[in-house]
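Structural characterization, general
So the chains spell out like this:
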Amino acid sequence: MMRRHLASYSSVLFSSFRSYVPNQAPYALKFLEHFTTEYYVSEKGGFSSKVRVPFISFVLGGPGSGKGTQCAKIAHTFGFTHLSAGDLLRTEISSNSEKGAAILETIKQGKIVPSEVTVNLIRRAIESSQNHKFLIDGFPRSEENRIAFEQIMGAEPNFVLYFDCPEEEMVKRVLCRNEGRVDDNIDTLKKRLKIYESLNLPVINYYLAKGKVHKINAIGPEEEIFEQVRPIIASYEGACK
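Below is a summary of the structure that appears in this document. Being a predicted model, the structure only gives us computed values, none of them experimental. (Residues numbered from 1 in each chain as written. Predicted model: local features only at pLDDT ≥ 70, side-chain atom pairs only at ≥ 80, totals over all residues. Heavy atoms only, no water.)

**Remarks on the sheet that holds strand β7 (residues 213-217)**
Working definition: the strands of a sheet are paired by backbone hydrogen bonds and lie parallel or antiparallel to each other. Here we have five strands laid out as an open sheet, ordered β4-β5-β3-β6-β7, and parallel in their pairing. Both edges of this open sheet fall to β4 (81-84) and β7, since each of them pairs with a single strand only. Pairs of neighbouring strands in the sheet enclose a mean axial angle of 20°, with direction left out of account. Examined bridge by bridge, strand β6 (residues 159-164) and β7 share five bridges and lie parallel to one another. Paired with Val160 across the two strands is Val213, which belongs to β7. Strands β3 (55-61), β4 and β5 (133-137) of the sheet are contacted by helix α6 (residues 115-128), whose axis makes an angle of about 160° with β4. (Pairing = 2+ DSSP bridges. Helix = DSSP H or I, 4+ residues; strand = E, 2+ residues; numbered from the N terminus. Axes fitted to C-alpha atoms, helices over the stretch in contact; angles between N-to-C directions. Contact = heavy atoms within 4.5 Å.)

**Re the pattern of salt bridges**
Pairing of side chains with opposite charge becomes possible as their charged atoms draw close. This structure, assessed with the given rule, holds 10 salt bridges. With its nearest N and O atoms 2.5 Å apart, the salt bridge here joins Lys210 to Glu156. Of the two residues, Lys210 is situated in the loop between α9 (186-209) and β7 and Glu156 in the loop between α7 (143-153) and β6; the sequence distance between them amounts to 54 residues. Look at Lys210 and you get partly exposed, because its relative accessible area is 41%. Taking relative accessible area as the criterion, Glu156 reaches 26% and is therefore assigned partly exposed. Three or more residues joined by partner-sharing salt bridges are found here, namely Glu143, Arg146 and Glu150. (Salt bridge = Lys/Arg side-chain N within 4 Å of Asp/Glu carboxyl O. Buried < 20%, exposed > 50% of the residue type's maximum accessible area, 1.4 Å probe, protein only.)

**Some remarks on the packing of helix α4 (residues 85-94) against α6**
What describes two packed helices is the angle between their axes and the distance between those same axes. Direction vectors running N to C along α4 and α6 enclose 90°, while the axes themselves pass 10 Å from each other. The angle between α4 and α6 falls in the class roughly perpendicular. Touching Ala85, Leu88, Leu89 and Glu92 of α4 are Thr118, Leu121, Ile122, Arg124 and Ala125, all from α6. Residue composition of the contact of α4 with α6, by class: six nonpolar, one polar and two charged. (Parallel < 35°, antiparallel > 145°, perpendicular 65-115°, else oblique. Nonpolar A, V, L, I, M, F, W, Y, C, P; charged D, E, K, R; others polar.)

**Describing the nonpolar core**
Considering soluble globular proteins, one finds that nonpolar side chains tend to be buried as a cluster. Within the largest apolar cluster, 28 residues are counted, with the highest numbers of intra-cluster contacts made by Phe58, Ile122 and Phe149. For this core, the elements supplying multiple residues, two or more each, are β3, α4, α6, β5, α7, β6 and α9. In terms of residues, this core owes the most to one element, α6, which gives five residues. If you look at the next biggest cluster of nonpolar residues, it comprises 25 residues, including Met170, Leu193, Ile225 and Cys240. (Core = buried A, V, L, I, M, F, W, Y, C linked by side-chain atoms within 4.5 Å.)

**Things to note about the pairing of β3**
With seven of seven residues buried, β3 is to be regarded as a mostly interior element. A two-sided burial pattern is seen for β3, the buried positions comprising Phe55, Ser57, Val59 and Gly61 on one face and Ile56, Phe58 and Leu60 on the other. Of the strand pairs in this sheet, β3 and β5 are connected by five bridges, and their pairing is parallel. The residue of β5 that forms the bridge with Ile56 is Phe134. Relative to β6, β3 runs parallel, the two being bridged by five bridges. Directly across from Phe58, in β6, lies its bridge partner Val160.

**Examining the side chain of Asn145**
Locating Asn145 in the fold gives a position in helix α7. Of the polar contacts made by the side chain of Asn145, one reaches the backbone nitrogen of Arg141; its length is 2.9 Å. Non-local contacts of Asn145, meaning those with residues more than four positions away in its chain, are made with Ser115, Phe139 and Pro140. (Polar contact = N/O pair within 3.5 Å; in protein donor to acceptor, adjacent residues only side chain to side chain.)

Quick look at the structure:
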């Protein structure tokens, strides 16, 4: 059966990469082919193929809302790959690469890492994975991040999980988790919460208006919270196979 809409989708995705990565058409094709289980074959003037594109969920919520814990449970139960934007940045820094050194210098200067840098780290992680189902944890953090992701990747998330947690509970959790992170102190945490409220909530509201947000009550034991998450993920199983 001929599926012209797949050929059309291919063209849109390819054009998106060419427009945001000038003179990198071979790289764009490589990215497209990474998610293609069968290449396009001419068939009586049309195209027939099976295309596998990444199935993406953004996982959002404030620091201490339980995003990472629930992502680990989702990944284990449903076979998603968990990508943490923060972890990707830290890994790049620890690699001692030129890019990692630039990221570290940006952070030392108190500046925000450019959106395109983080998006390209996410894209590289997706490209190198054998999986096609991804949880992107803690990103986008702002409308600028969101726009950069959609422009560079040429796609929106399939859905968004939003872990809604009161500020006092997030503060309590972060100060008690004792992970040795330099930003797990009361002064830095309060700054992070203010930034989260001013920058991250507009992203949540944007996707809420598009009907893509699933709001989770992030208060209670981990297993009880996961029981809210489980049916949501299960409802997408057919779409992400």
